[in-house]
Amino acid sequence: MNSEFVLIVGGAGYIGAHTCFELLVSGYNIVVLDNLSNSQKESLKRLSTLTGKEIDFYEVDIRDSRSVDLVFEKYGFSSVVHFAGLKSVGESNSFPLKYYDNNVSGSISLLKVMDKYNVKKLVFSSSATVYGTPKELPIPETAPTSTINPYGQSKLLVEKILVDVAKADPDWKIANLRYFNPAGAHFSGLIGEDPKDIPNNIMPYISQVAVGKLEKLSVFGGDYDTVDGTGVRDYIHVTDLAKGHLAALNYLNSSQECGFSSFNLGTGKGVSVLELINAFEKASGKNIPFNIVARRQGDVAACYADPTKANKVLGWKAELDIDRICQDAWRWQVNNPTGY
Ligand code: NAD
Ligand code: WQD
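Residues numbered from 1 in each chain as written. Chains lettered and ligands numbered in written order. Predicted model: local features only at pLDDT ≥ 70, side-chain atom pairs only at ≥ 80, totals over all residues. Heavy atoms only, no water.

*Asks:* When you look at the side chain of Asn264 in this model, what are you seeing that I'm missing?
*Replies:* Along the chain, Asn264 turns up in strand E11 (residues 260–265). For Asn264, a relative accessible area of 0% corresponds to the buried category. A polar contact is formed between the side chain of Asn264 and the side chain of Tyr131, at a distance of 2.6 Å. Engagement of the side chain of Asn264 in a polar contact is seen with the backbone oxygen of Ile139, the distance being 2.7 Å. Ignoring anything within four residues of it in the chain, the contact list for Asn264 reads Tyr131, Ile139, Pro140, Glu141, Arg178, Phe180, Ala305, Asp306, Pro307, Ala310 and Trp316. (Helix = DSSP H or I, 4+ residues; strand = E, 2+ residues; numbered from the N terminus. Buried < 20%, exposed > 50% of the residue type's maximum accessible area, 1.4 Å probe, protein only. Polar contact = N/O pair within 3.5 Å; in protein donor to acceptor, adjacent residues only side chain to side chain. Contact = heavy atoms within 4.5 Å.)

Put into structure tokens, the structure is as follows:
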């Protein structure tokens, strides 16, 4: 049990809310800070229903250092889990400054307040996007990094800033978590992914086709050098991912010296788009109409994790398979056809 507070920045969002759940049921005290630019307070209300705990929430932008400062002054935070970021690759190509400002300047702003209050334990949301076109599969953390869009660039820039921060001051303990493809929803059907517009990611897109909100899925590319010609990804259940944050936080709390360390959070197993459609049809009992169309610009053929380091160092392993991801995504979709 922990009597200190953990600040969950971006905690009202998709991965944040699932992580709040895992931390709360493990006995952590949390405070959520979010500007609600891509989420709703309803996710926190539902978390309270699920856990029976009230959540202290502050509607604040991480770039507003004065307001963030006031929240730090009020609580003795032991650590921060930082999810706050914009995440659409396509939008980042159209509005790069918006992405650099929110994701990079926002993170710098947050780090400065953390430094001021001597809060030096951080779990950061990075992405497998930093591996660019993988040279080897499965991808280890030691693989070279490169990005081709402002979103990916913003994640890589923050990673580099964090490396320098930890190098300059050995008191910092930073777990840099590189997520593969988060998907699925909480088993209760009460919290899940709630995209504002037409989804970019395949999982919410398929869900909306299955429920009849969208007509059919366009499969981007059928001529990749993969098992069936379609793109292969490492879909990780959001509950497994959330448990990865719990493991990372426990690691930062227990390890004496860790500096900056990157961890892949993935299953290690690749699933093709056609395999995913099949699994979703099985889970939902619905037919998913689709067309194979041209490749999407910037997509890689295959991307899946070597999660050995997280297994060994964090004692964490993804447990839930693609069938369970689809069952839970479908329950969330059916129970919440218009989102929260
Ligand atoms: P999300 O949009 O659901 O959650 C992000 C949360 O941060 C939202 O609640 C949003 O309102 C908040 N936020 C954004 N900018 C903010 C700011 N300036 N100040 C305060 N709050 C702010 O997204 P998610 O899927 O939960 O992703 C969480 C993190 O994980 C993001 O940083 C994202 O880049 C990263 N990530 C996501 C995926 C994915 O596929 N979902 C994959 C890899 C990495
Ligand atoms: C998965 C597969 C598509 C949509 C993105 C970001 C990455 C990370 C996770 C944040 C691919 C195919 C997709 C569709 C399709 N986010 N697809 N039809 O591109 O692996 O990763 O989200 O960090 O940075 O780039 O995820 O869900 O968009 O695509 O055929 O309508 O589904 O080609 O093979 P991706 P995705």
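Right, picking up where we left off after that structure.
*Asks:* Could you clarify how one ought to interpret the environment of Ser94 in this entry?
*Replies:* The topology assignment puts Ser94 in helix H4 (residues 89–94). Classification of Ser94 by relative accessible area gives exposed; the value is 52%. Note: C-alpha distance between Ser94 and Ala84 (10 residues apart in sequence) is 20 Å.

*Asks:* I tried to follow the nonpolar core on my own but got confused; where do I start?
*Replies:* Inside soluble globular proteins, nonpolar side chains tend to come together where they are buried. Counting 43 residues, the largest nonpolar core has Ile8 and Ile30 as its most contacted members. Contributing elements (two or more residues each) for this core: strand E1 (5–9), helix H1 (14–25), strand E2 (29–34), helix H2 (42–51), strand E6 (173–179), helix H8 (238–254), E11 and helix H10 (308–314). Ignoring sequence-local partners within four residues, the contact set of Ile8 consists of Cys20, Leu23, Ile30, Val31, Val32, Leu33, Val81 and Phe83. Counting 27 residues, the second-largest nonpolar core is a separate cluster that includes Val68, Phe72, Phe77 and Trp172. (Core = buried A, V, L, I, M, F, W, Y, C linked by side-chain atoms within 4.5 Å.)

*Asks:* Explain the packing of aromatic side chains to me, please; I cannot follow it from the model alone.
*Replies:* We describe a pair of aromatic rings using the distance from one ring centre to the other and the angle between the two ring planes. According to the stated counting rule, one finds nine aromatic pairs in the structure shown. Ring geometry for Tyr75 versus Phe77: centroids 5.4 Å apart, planes at 20°, classification stacked. Across the pair, exposure class does not vary: Tyr75 and Phe77 are buried alike. Each member of the aromatic cluster is reached from another via a ring pair, and the members are Phe5, Tyr58, Phe72, Tyr75, Phe77 and Tyr117. Looking at Lys98, its charged tip hangs above the ring of Phe95, at a distance of 5.9 Å from the centre. (Phe/Tyr/Trp six-rings, centres within 6.5 Å; stacked < 30°, edge-to-face > 60°. Lys NZ or Arg CZ within 6 Å of the ring centre and 35° of its normal.)

*Asks:* So what exactly am I meant to see when it comes to the site of ligand 2 here?
*Replies:* As a matter of local geometry, ligand 2 sits amid 18 residues, with Ser127, Tyr151, Ser218, Arg233 and Asp299 nearest to it. Measuring from an oxygen atom of ligand 2, one finds a side-chain N or O atom of Ser127 at 2.8 Å. The contact in question runs from a nitrogen atom of ligand 2 to an N or O atom on the backbone of Ser218, over 2.7 Å. In isolation ligand 2 has 690 Å² of accessible area, and contact with the protein removes 87% of it. Of the residues forming the shell around ligand 2, the biggest block, four residues, is contributed by strand E8 (residues 217–220). (Near = heavy atom within 4 Å. Areas by Shrake-Rupley, 256 points an atom, 1.4 Å probe, with all protein chains shown as cover.)

*Asks:* Help me understand the site of ligand 1 in this model?
*Replies:* Inspection of the region around ligand 1 gives 27 residues, with Asp34, Asn38, Ser39, Lys87 and Tyr151 positioned closest. Ile15 places a main-chain nitrogen or oxygen 2.8 Å from an oxygen atom of ligand 1. At 3.2 Å, a side-chain N or O of Asp61 approaches a nitrogen atom of ligand 1. Considering ligand 1 on its own, with 820 Å² of exposed area, one finds that the protein chains cover 96% of that surface. Of all the elements in the fold, those that place two or more residues in the shell around ligand 1 are H1, strand E5 (121–127) and helix H6 (150–168). Among the residues forming the shell around ligand 1, the class breakdown is 11 nonpolar, 11 polar and five charged. (Nonpolar A, V, L, I, M, F, W, Y, C, P; charged D, E, K, R; others polar.)

*Asks:* In this structure, what is going on with the sheet that holds strand E14 (residues 302–303)? I would like to understand it.
*Replies:* Two orientations exist for strands paired in a sheet by backbone hydrogen bonds: parallel and antiparallel. Strand order in the open sheet made by the three strands is E12-E9-E14, with mixed pairing throughout. Because the sheet does not close on itself, it has two edges, and the strands there are strand E12 (271–272) and E14. (Pairing = 2+ DSSP bridges.)

*Asks:* How do you make sense of the pattern of salt bridges when you look at a structure like this?
*Replies:* Two side chains with opposite charge may pair up if their charged atoms get near one another. Summed over the entire model, instances satisfying the criterion amount to 15 salt bridges. For Lys87, the salt bridge goes to Glu193, with nearest N and O atoms at 3.7 Å. Pair noted here: Lys87 is in the loop between strand E4 (77–82) and H4 and Glu193 is in the loop between strand E7 (181–183) and helix H7 (202–210), with a separation of 106 residues, a long-range link. Given the relative accessible area of 16%, Glu193 is considered buried. Salt-bridge contacts for Arg296 lead to Asp299; the nearest nitrogen and oxygen are separated by 3.2 Å. Residue class for Asp299 comes out partly exposed when judged on its relative accessible area of 24%. Counted as one network, the salt bridges with shared partners bring together Glu42, Lys45 and Arg46. (Salt bridge = Lys/Arg side-chain N within 4 Å of Asp/Glu carboxyl O.)

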